[in-house]
Amino acid sequence: MLRAGTTKLATAAALPICEQQRGMATLKDISLRLKSVKNIQKITKSMKMVAAAKYAKAERDLKGARSYGVGAKAFFDNIDPKTEEAAGETKKKQLLVLITSDRGLCGAVHSSIAKEAKNILNHKAADVDYKLVTIGDKSKAALQRVFASTIALSGNEIGRTPPSFEDAAIAAQAILDSGIEFDEGTILFNKFKTVVSYQTSKLPILPLEAIKAKEALNTYDSVDDDVLQSYSEYSLAQLIYYAMKENATSEQSSRMTAMDGASKNAGEMIDKLTLAFNRTRQAVITRELIEIISGAACV
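Residues numbered from 1 in each chain as written. Predicted model: local features only at pLDDT ≥ 70, side-chain atom pairs only at ≥ 80, totals over all residues. Heavy atoms only, no water.

Q: Before we go on, may I ask you to explain the confidence of the model for the chain in this structure?
A: Caution applies to low-pLDDT regions: their predicted coordinates should not be interpreted in detail. When pLDDT is averaged across the chain, the result is 83; 87% of the residues are at 70 or more. Contacts of residues 1–25 to residues separated by more than four positions or lying in other chains number 3 contacts, the stretch itself having pLDDT below 50. (pLDDT = per-residue confidence, 0-100. Contact = heavy atoms within 4.5 Å.)

Q: For this particular structure, what's the right way to read the packing of helix α5 (residues 165–177) against helix α7 (residues 225–298)?
A: Packing of α5 against α7 brings their axes to within 8 Å, and their N-to-C directions diverge by 130°. Looking at the two axes, α5 sits oblique to α7. Like other packed secondary-structure pairs, α5 and α7 cross with a definite hand, here right-handed. Counted together, F165, D167, A168, A169, A171, A172, I175 and L176 of α5 and E233, Y234, L236, A237, Q238, I240, Y241 and M244 of α7 form the full contact between these two elements. Here the residues of the contact of α5 with α7 sort into 13 nonpolar, 1 polar and 2 charged. (Axes fitted to C-alpha atoms, helices over the stretch in contact; angles between N-to-C directions. Helix = DSSP H or I, 4+ residues; strand = E, 2+ residues; numbered from the N terminus. Parallel < 35°, antiparallel > 145°, perpendicular 65-115°, else oblique. Left-handed = near helix turned anticlockwise from the far one by under 90°. Nonpolar A, V, L, I, M, F, W, Y, C, P; charged D, E, K, R; others polar.)

Q: Quick question: what am I supposed to make of the environment of T44 here?
A: Locating T44 in the fold gives a position in helix α1 (residues 2–79). Once the C-alpha coordinates of T44 and L105 are considered, the two residues, 61 residues apart in sequence, prove to be 10.0 Å apart.

Q: When you look at α5 in this model, what are you seeing that I'm missing?
A: One turn of the α-helix equals 3.6 residues, which is why residues spaced by three or four share an orientation. Here α5 spans 18 Å end to end across 13 residues, near enough to the 18 Å set by a 1.5 Å rise per residue. Among all positions in α5, only A168, A171, A172 and I175 are buried. Viewed end-on, α5 has its buried residues packed into an arc of 95°, placing them on one side of the element. Set apart from the buried face of α5 by more than 90 degrees, the exposed residues are E166, I170 and D177. At its buried positions, α5 is contacted by β1 (93–99), β2 (129–135), β3 (151–155) and α7. In the segment just after α5, G179 is the residue with positive phi, at about 75°. (Expected span 1.5 Å × (residues − 1). Buried < 20%, exposed > 50% of the residue type's maximum accessible area, 1.4 Å probe, protein only. Arc of directions from axis to C-beta.)

Q: Would you mind going over the packing of helix α3 (residues 109–122) against helix α4 (residues 137–147) with me for this structure?
A: Describing two packed helices takes the angle between their axes plus the distance from one axis to the other. Following both chains from N to C, one finds α3 and α4 inclined at 30°, their axes separated by 9 Å at the closest point. In terms of axis orientation, α3 runs roughly parallel to α4. Note that α3 runs across α4; the crossing there is right-handed. Packed against α3, whose contacting residues are H110, A114, A117, K118, L121 and N122, the element α4 presents K138, A142, L143 and F147 at the interface.

Okay, here's the thing in structure tokens:
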């Protein structure tokens, strides 16, 4: 009985001490959290400035890169007009080229590509075989858990520097050398519209044999096999380069917008934490004054 009473007395005596320590710890915790949020705000502001500079350069480069994509797309549109009958046909061997990068903190730029690819793969016909080429680690990371068997080729080290035609040529050569057989292909990328908006778009690609089988190819004069093979390889690099430039501009603009929003949210959190810190400090000071005055009155 004495031991139980002693335990109760010890517990009761310890409660005010715990509350006091908890109050002091809360003030310290708020101070540490306030400091960490301020450091995060400095980082997000710096990232916004860097993204703004990269976005300005990417937008200037995009104007020249669009001629590559428009020219190559016009050729495919001329030899492969999408009639109503042809639009319903689905080739059995399909290729999906996903254009992303290795870096995050840019909103839903990469996840929109992965979401569109998942939508295509989940709603495909039973007799259609898809092969994926992931350019950038973000698309590979989003798809490899469920669709690892469909990923035929992947590349990284994308997004650290502005994409060049050499990068696109390397990717196109890797696709041609991989031996992937496909009847039709599609490039998924984000098309830049404005600073705050982009659109997930598709570009058609055709292998050499599919190009030769098109009847509309006869409208072009002096097209032999060597010329056609050279142009099919070059047009693949053209389309990939155009898609990489569009996606890079969309990524930088989205990162700039995301970092601006993060900086504003950090500012709001700093205001709330500062108010909570001041209130807690005032409460601690008031309690100490009450204790001092009560002690003096007792004396």
